[in-house]
Amino acid sequence: MYMFGLVFFAQCFLCTSVRAEDPANEPQRLMTAVSGDCAACHGSVQMLPAGHLDTKGLTLDECRMCHQDEEVSLTRKLPLSHAHQLSGIACKDCHGDQDPPKPVEKAQCVTCHDQQELIRRTEYLRKIEANPHDSPHYGTDLDCNMCHYEHAKSELFCAQCHDFDFVVNSPILGSEMKAKITPEMNSRCEMCHSDLQYNSHFLDASHGILDCTTCHNGIDDIVQHMKKQDTPELNSCALCHEEIDEQFRQDAHFVKENMTCQDCHTNVHTAMKQDMETFKHDVVETCTQCHDKGTYAYLGHGGSVLVGNNDSATCTDCHTLHRTPLYGSEDKEDIAAIRVMQTRMCRTCHDDPEVTGRNGLALAAVADFDRTYHGKVLGIGFPEQSAGCADCHNGHSTLAATDPRSPLHADNRPAICGQCHDDFHPRFASFIAHPDYTDRERFPLLFWTNIFMEGLLFSVFGFFWLHSILWWRKAYWKKWKSAWTPSDGSQTDSEQVLDAPALANPGLINDPPASTDPDILKESQKETVTEDRAVPETLPSVVCKNGQYVRRFSLRDRIMHVLLILSFFTLVMTGFPLKYHETAWAKAMINLFGGVRGAGVCHRTAALILIAMFLYICWLSMKYLFPKGKGIKGWLGRLFGPDSLCPNLKDLDDIAGMFRWFFNRGEMPRFDRWTYWEKFDFFAVFWGMFVIGLSGLMLWFPELFSHFLPGWFINIATVAHSEEALLAAVFIFTVHFFNNHLVPNKFPLEDNIFTGRYTVEALKEERPLEYERIMAEDRLESVKAEEPGVLTRLYSSVFGIACVLLGLSLTGLILWAIFFY
Amino acid sequence: MKKKNKVTESIKESLQTPTTRRDFLKKGTAAGAIAAGGMAMTLMPKRADARTYQAPPKWDKEFDIIVIGSGFAGLAAGITAKEAGQDVIILDKMPIGGGNSIINGGLLASVNSKLQAKEGVKDSVDLYVNDLLKAGRGLNHVELIKMVATEGSDLPEWTAERGVQWNPKLEHLGGHSVPRTLLTTNSSGSGIVKPLTDYYKTKLGGTLQNKTKVIGFVREDNDANPNGRVQGLVVLENYKFDYKATDGDRSNTSGEKKYYKARKGVIVASGGFSQDPFLRGAQQPSLGKPTDQIDSTNQPGATGEMLENMFKMGAVPVHLSWIQNGPWASPNEKGFGVGSSYQIAAGFRFGIMIDKKTGKRFVNELADRKTRADAMFKVIGDPKKPNYPFTIADSDEGVLAAQTLEKCLQKKVVLKFDSVEAVAKHFGVPLEPFKAQIKEYNDYVRAGKDEQFGKPIDKFIKPIEKAPFYVMEGVPKPHHTMGGVMINTKGQVIDIETQKPIPGLYAAGEAVGGPHGASRLGSCAIPDCLVFGRICAKSISQEKV
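Since we're looking at a predicted model, the values are computed, not measured.

Procedures and definitions
- Residues numbered from 1 in each chain as written.
- Chains lettered and ligands numbered in written order.
- Predicted model: local features only at pLDDT ≥ 70, side-chain atom pairs only at ≥ 80, totals over all residues.
- Heavy atoms only, no water.
- Helix = DSSP H or I, 4+ residues; strand = E, 2+ residues; numbered from the N terminus.
- Buried < 20%, exposed > 50% of the residue type's maximum accessible area, 1.4 Å probe, protein only.
- Contact = heavy atoms within 4.5 Å.
- Areas by Shrake-Rupley, 256 points an atom, 1.4 Å probe, with all protein chains shown as cover.
- Core = buried A, V, L, I, M, F, W, Y, C linked by side-chain atoms within 4.5 Å.
- Buried area = accessible area lost by both parts, 1.4 Å probe.
- Salt bridge = Lys/Arg side-chain N within 4 Å of Asp/Glu carboxyl O.
- Nonpolar A, V, L, I, M, F, W, Y, C, P; charged D, E, K, R; others polar.
- Patch = residues over 30% accessible without salt bridge, like charges linked within 9 Å, V, L, I, M, F, W, Y side chains within 5 Å.
- Phe/Tyr/Trp six-rings, centres within 6.5 Å; stacked < 30°, edge-to-face > 60°.
- Lys NZ or Arg CZ within 6 Å of the ring centre and 35° of its normal.
- Pairing = 2+ DSSP bridges.
- Axes fitted to C-alpha atoms, helices over the stretch in contact; angles between N-to-C directions.
- pLDDT = per-residue confidence, 0-100.
- Lys, Arg positive; Asp, Glu negative; His and termini not counted.
- Charge placed at Lys NZ, Arg CZ, Asp CG, Glu CD.
- Parallel < 35°, antiparallel > 145°, perpendicular 65-115°, else oblique.
- Left-handed = near helix turned anticlockwise from the far one by under 90°.

J.: Can you walk me through the overall build of chain B in this structure?
T.: Each helix and strand in chain B was counted, giving 17 helices and 19 strands. Here chain B, with 545 residues, has 59% of them falling under the buried criterion. Excluding contacts between residues fewer than 6 apart, the proportion of contacts in chain B whose partners are at least 24 apart in sequence is 75%. Accessible surface, chain B: about 21600 Å² in total, of which carbon and sulfur atoms supply 53%.

J.: Would you mind showing me how to read the nonpolar core here?
T.: Proteins that are soluble and globular tend to have nonpolar side chains buried together. One finds B:I66, B:F217 and B:M310 to be the most contacted residues of the largest nonpolar core, which totals 103 residues. Examining the composition of this core, we find that 9 residues originate from one element, helix α17 (residues 525-541) of chain B, more than from any other. If you look at the next biggest cluster of nonpolar residues, it comprises 62 residues, including A:F553, A:W585, A:W661 and A:A817.

J.: Looking at this structure, how should I read unusual backbone geometry?
T.: Comment: phi is negative for the bulk of residues other than glycine, and the bulk of peptide bonds are trans. A:F747 connects to A:P748 through a cis peptide bond whose omega is 0°. With respect to the helices and strands, A:P748 occurs in the loop between α38 (713-742) and α39 (752-755). Here the bond from B:A467 into B:P468 is cis, since omega is -5°, no more than 30 degrees from zero. Within the secondary structure, B:P468 sits in the loop between α16 (431-447) and β15 (469-473). You will see that A:N258, though not glycine, has its phi angle at about 55°, which is positive. Summarising the element assignment, A:N258 is placed in the loop between α15 (252-257) and α16 (261-264).

J.: So what exactly am I meant to see when it comes to the interface of chain A and chain B here?
T.: A common way to report how large an interface is uses the accessible area buried once the components associate. Listed by partner, the interface residues are 19 residues for chain A and 19 residues for chain B. Carbon and sulfur atoms make up 50% of the surface buried where chain A meets chain B, a total of about 1600 Å² over both sides. Sorting the residues of chain A by area buried against chain B places A:H137, A:Y138 and A:D163 first, and these three jointly supply 34% of that buried surface. If you look at where chain A meets chain B, you find 4 salt bridges. Looking at side-chain class alone, the side of chain A that touches chain B contains 9 nonpolar, 4 polar and 6 charged residues.

J.: Mind showing me how you'd approach a nonpolar patch on the surface here?
T.: All names here are of chain A. Taken together, Y616, W619, M622, F626, I632, W635, L636 and F640 make up a surface patch of nonpolar side chains, about 800 Å² in accessible area. Sorting the residues of the nonpolar patch by element identifies α33 (595-625) and α34 (635-639) as the ones contributing at least two each. Assessed through its relative accessible area of 46%, L636 is described here as partly exposed.

J.: Help me understand the packing of aromatic side chains, please; the structure alone is not making it clear to me.
T.: Each aromatic ring pair is summarised here by two numbers: the centre-to-centre distance and the angle between the ring planes. Counted under the stated rule, the structure contains 43 aromatic pairs over all chains. With a centroid separation of 4.9 Å and 15° between ring planes, the pair formed by A:W472 and A:Y476 is classed as stacked. Of the two residues, A:W472 and A:Y476 are both situated in helix α27 (residues 444-484); the distance of 4 residues between them amounts to about one turn of the helix. Given a relative accessible area of 41%, A:W472 falls into the partly exposed group. When its relative accessible area of 42% is taken as the criterion, A:Y476 is described as partly exposed. A centroid spacing of 5.7 Å and a plane angle of 70° characterise the contact between B:F63 and B:Y260, whose relative ring orientation is edge-to-face. Of this pair, B:F63 sits in strand β1 (residues 61-68) while B:Y260 sits in strand β8 (residues 256-268), and the two are 197 residues apart along the sequence. As far as burial versus exposure is concerned, B:F63 and B:Y260 are alike and both buried. Among the aromatic side chains, those forming a connected cluster through ring pairs are A:F463, A:F464, A:F659, A:W661, A:F662, A:F680 and A:F731. One residue, A:R371, lies across the ring of A:Y437, its end atom 4.9 Å from the ring centre. For B:R534, the ring lying beneath its charged end belongs to B:W158, and the centroid distance is 5.1 Å.

J.: Just checking my understanding: could you explain the pattern of salt bridges for this structure?
T.: Proximity of charged atoms lets side chains of opposite charge pair with each other. Residues and elements named next belong to chain A. Considering all chains together, one arrives at 55 salt bridges over all chains under this definition. Here R120 and E117 are joined by a salt bridge, their closest N and O atoms 3.1 Å apart. You can see R120 and its partner E117 sitting in helix α7 (residues 115-121), 3 residues apart, about one turn around the helix. Relative accessible area serves as the criterion here: at 43%, R120 is assigned to the partly exposed category. By relative accessible area, which is 17% here, E117 ends up buried. With a shortest N-O distance of 2.6 Å, D311 and R358 are connected by a salt bridge. Of this pair, D311 sits in the loop between α19 (300-306) and α20 (315-319) while R358 is found in helix α22 (residues 353-358), placing the two residues 47 residues apart along the sequence. Assessed through its relative accessible area of 52%, R358 is described here as exposed.

J.: Please explain the sheet that holds strand β13 (residues 390-393) of chain B as it appears in this structure.
T.: Hydrogen bonds between backbone groups are what pair the strands of a sheet, and the pairing can be parallel or antiparallel. All names here are of chain B. Pairing in this open sheet of 5 strands is antiparallel, and the strands run β12-β11-β13-β15-β14 from one edge to the other. Two strands lie at the open edges of the sheet, namely β12 (360-361) and β14 (414-417), each paired on one side alone. Here strand β11 (residues 352-355) pairs with β12 via 2 bridges, running antiparallel. When the sheet's bridge partners are listed, I354 is paired in β12 with R361. Running at roughly 130° to β15, helix α11 (residues 339-350) makes contact with β11, β13, β14 and β15 of the sheet. Contacting β13, β14 and β15, helix α15 (residues 420-427) runs over the sheet at an angle of about 130° to β14.

J.: Sorry if this is basic, but what is going on with the sheet that holds strand β3 (residues 784-785) of chain A here?
T.: All names here are of chain A. Strand order across the open sheet formed by 3 strands is β2-β1-β3, with antiparallel pairing between neighbours. The open sheet terminates on both sides in strands that have one partner only, identified here as β2 (757-759) and β3. One ladder, built from 3 bridges, connects strand β1 (residues 549-551) with β2; its direction is antiparallel. Note that in β2 the partner of V550 across the bridge is Y758.

J.: Any chance you could explain the confidence of the model for chain A here in plain terms?
T.: A low pLDDT means the predicted coordinates there should not be read in detail. Residues and elements named next belong to chain A. Looking at chain A, pLDDT values average 80 and 82% of them are 70 or higher. Long-range and interchain partners of residues 1-21, a stretch whose pLDDT sits below 50, account for 24 contacts in this model, where long-range means more than four residues apart. Segment residues 171-187: pLDDT under 50, and 46 contacts once partners within four positions in sequence are set aside and those in other chains are kept.

J.: Looking at this structure, how should I read the environment of B:H516?
T.: Tracing the backbone shows B:H516 in the loop between β19 (501-507) and α17. The residues contacting B:H516, other than those within four sequence positions of it, are B:G136, B:N140, B:H480, B:M482, B:C524, B:A525 and B:D528.

J.: Can you help me understand a negative patch on the surface in this one?
T.: Residue and element names in this part refer to chain A. Among the surface-exposed residues, E330, D331, E333 and E384 lie close enough to one another that they form a single negatively charged patch. Following the sequence through the fold, E384 ends up in the loop between α24 (373-380) and α25 (389-392). We classify E384 as partly exposed; its relative accessible area is 34%.

J.: Would you mind going over the packing of helix α3 (residues 72-83) of chain B against helix α8 (residues 190-203) of chain B with me for this structure?
T.: If you want to describe how two helices pack, look at the angle between their axes and the distance between the axes. Residue and element names in this part refer to chain B. Across the interface, α3 lies against α8 with an axial gap of 10 Å and an inter-helix angle of 25°. When the axis of α3 is compared with that of α8, the two are roughly parallel. The interaxial crossing formed by α3 with α8 has left-handed handedness. Packed against α3, whose contacting residues are F72, L75, G78, I79, K82 and E83, the element α8 presents I192, V193, L196, T197, Y199 and Y200 at the interface. Residue classes in the contact of α3 with α8 are distributed as 8 nonpolar, 2 polar and 2 charged.

J.: Even after reading the chapter, I still don't get α24(A), so can you show me in this structure?
T.: Residues spaced three or four apart along an α-helix face the same direction, because each turn holds 3.6 residues. Residue and element names in this part refer to chain A. Counting buried positions along α24 yields 6 of 8 residues, so the element is predominantly enclosed. Among the residues of α24, those classed as buried are H374, G375, K376, V377, L378 and I380. Check the buried side of α24 and you find it contacts α21 (332-350), α23 (365-369), α31 (555-579), α32 (584-592) and α33. One or two positions beyond α24, positive phi appears at G381, with a value near 110°.

J.: So what exactly am I meant to see when it comes to the packing of helix α36 (residues 676-700) of chain A against α38(A) here?
T.: All names here are of chain A. Relative to each other, α36 and α38 sit at 155°, their axes nearing to 9 Å. Considering their axes alone, α36 and α38 lie roughly antiparallel with respect to each other. The crossing of α36 and α38 is left-handed. Residues W677, E678, F680, D681, W687, G688, V691, I692, S695, G696, M698 and L699 of α36 form the contact with α38, whose own contacting residues are F713, I714, A717, T718, A720, H721, E724, A725, F731, H736, N739 and N740. When its residues are assigned to classes, the contact of α36 with α38 shows 13 nonpolar, 8 polar and 3 charged.

See below:
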């Protein structure tokens, strides 16, 4: 073939030169010549090399089957007339029938050759020199035959003045100029594959800039190819679409069904750039070629897309375009993964106020869902233990709950709940999956519960934080002043004088007993002098002994407090991650407890301990009120007596007194055994246990409670539990910590709750009334205690300070969640 | 009279049937005219009835006015006539309209234009006329350029109303005292021709018929009316201009002969003859070579047959031998190309032009076009074995700044050498005299005065010494033919015998001689064409027939 080509080429050249020199050899222009019959026009001049096939009757397409390679190319070897003649366009088709034939002008050429298309094809030349089909001088007025000669070698008209390197085709057989746009293709495949989709339409399509062989591997044997034996293999689309290919290799369609690009992209030859206006619609149409239209496209999202709502989700919005996830439907992990994916997909639109607003959907459905246990557990990353959007809403035919076909219709709802929950009363289904706390119309009880809880939060914190701040100011001011004021006894500030003994608190192990300081001692003596109170004249000598300890808490109390601390921290650390599931720390914290399940077990265990202690306290209280022997007699006196934790009228006076003291309007009140804030701490637990414990049980056993409470009560329980927990935790970590440990004269820790004892001086200082009672009743011996051991103090301090720090850290995290999420 | 009879006798010998008295007179006068213009006697017609045609029994087509040529002048005439409600046709022998105008540079000088007023330029007709007289060596027909100046002030608006887009700022071209030149937005005459053609064809519904070559005039001819009216034309329809022809397409007889009647007359706007070897050779023998040997910057259809047809009828030849040759062209590319711009901007200005045989300069590189071209032709000698001179410039800033330098190097129109020796070796120039010449010139530059040829040395011109050196061969190419027929201020062509207008014959544009004198000033051709195109059409529209 190769040699043959060279021979042919050489001969052609020879013939051409012979013809050029001898006008007698000019070919005749026969209107009647048959395609491929060289002799008809060229006479005896041998136009073809010896041994060449007889070309008579051959078409250009057939010539091309051999003349593919450049060595034997017909390109620019034949004047244009041959291209036309061999393509079946006879002389008369352009020249007409008359004799002499009429000259051919542009008007004739453009009946077949689209002028705009020609301009388009040579448009790239405009940047180099000029577009010859839209000349800067002549526009589109130039006649085709100014350059393209039918019966002679074509020339560039521009070349009269310009040295442009444009190639003028003669004939137009796969010239370089065209080749730059569609190499090979135009000159090869399209000649046989003349279907519009392979040539003119293809050129306009997205892939029109490609050559056929970009996708179809070339063929080796044209004859075999024509017999359909040598079919070119398809190149992978990944040649260009590498990224998509990578995705699609993990796509369910590929993995399970072995589908290829063409299964969906059925029109690669004519596909134009996707019109994004119709994209969603087109996707539904494409997917439902295999997937049942009735199931997937007529209701819900698909149906909405089909009627033209581009806000609605099309198949690929949830299933992704080229990476439809592959899930084995039974596998637990897969179910969870599907749940996560679906929920994420749903959120992309339903959490977008623009989309929901535009379409009249619930504006905060997603945020509301996130308030429920379902949302929280899902949000913190344990989808296998919760329900996602599609578990209740059918993904493909999502309908309004009022539609009886909807799984969320009141009649169908218990069945939906029953997918996960057992043994519930049908009213369980009245649970509000998207509770809107602000919707007073629909959820009045929820609304008022939320308002109440928030009111409670604000009022408690409002009061106690103010209380603490004022206290801190007062105490800090005093401490600062005493540190800077010369203590020469001339000090007349009554505050200073009165409160100086507060510094005597032997809070820390290393603190020397304050009373050893002669100055302070002097002050304290002063106090006893200035104070005109009924202090017994003769105090037992032991009292005056420096550092004598008295018992404040029994071992039982101390154990109970440690248990309380441990269970309380457990509850906070396992509960708050759910409350603030969207924070970064929530996930880390819940994982400390082994995830939602582990945390759940810990939470409930701690809750049980707390409940047990609560019951025990109740028992102890009963025992205190109605002691053996005395029974009911005098119980009121005990209830409001100085040893009782029950608030009494004196507490009101004390509160007023404290505020007076804060504002330098009086002395600090003299407390008895229990201060009013200690009583509040105690009773807060009672209230808390009632609210938090009851709601916790409801949340623990929602199905059980559905037998005597409606399903939406779970929502009430959620609000109550959650807000009360916030109240309790932040109250303990701020107010309780401050009152007992962080107040300047006790900072950083009051350890008597752990050691169970403190000095008589501290007793006298902090609870003068109790001290006086003890003295009056001469009970000192019975409350005397040994000084706590070093280890006891060490353990107490380490544990106490650790708890304070932990509590403050947790407060930080909670505040962070509140203010920054 | 006696003398005339003698001439008649001699002509009788060569001509078989001189038809009328007037006819024969014309032959005589034409011959005289041709002689006066320096033309060869070969123009003498060989046919009995060669000078004009007689009216046919039946005309093939009839019009009020026929315009020949579709360049600036032809379009201005066609549009004006059409707007005046005339039945007009524009003929062009080429397959595509626009003539040379469509490849022109698009510069229009307009005196007292609105743009001048806006830019505060003080101009006047006298100033303009003086500028043209200076360039034209005083040969200009002043009444014509006065017309151009006075009638041309509205050209920017007139053209803009018909679709032409002009740059919003005036240019100040060499030879003009003040800025008065507008430039089309595409820097080409096509920016005028294309919109005007569209306007004429689509807005006015005018006809522009290409491939129609005029081969002669039909003229009223009877004894009672010795100064007969031009009645129409004999044309070849479907004329196929042969772009390969090297003789200006003289021997082409393609097409069908048709008679077109022009009731009111004919406007000849057929352009110049830069691509006509015979006619240009007649004026300047060195240009008499075929077009493949002597290149021109013009379109191939710029030939002189329409001038000759008018001369044959007795039109007065004016300034025919003033052919402007562009000395800045390159023999290594066609037409104006990219080399000309380099040569103008850099080669001549910053370099020197060397005769390869001597290694010496031979002309002031900044002399006027004609001086330079003449000197170059002398050096070139036989165009079959041309000795093209070359310019040599060094790597001066000004040279490197030449806009087309890169393209010139790409197309090998300008060559780059590392040393003077390499240049000498490449062209076979005797090295010693060549080096001596460069040194001599450099000394002149340093001295600030060119003792050799008087090239004006300004502060930008530096000695040639910084390698690499840029070299471009040069050849003058016919660019514009000053000469043509004589017209009056109405555009009427003047008869050499009666010295009065030939009835029904008008001419405008490059086909007219006179306005530009010996040398045309840049940007003055377009206003000349447009103004006289309009004047012709106005005059002819008023003809009573």
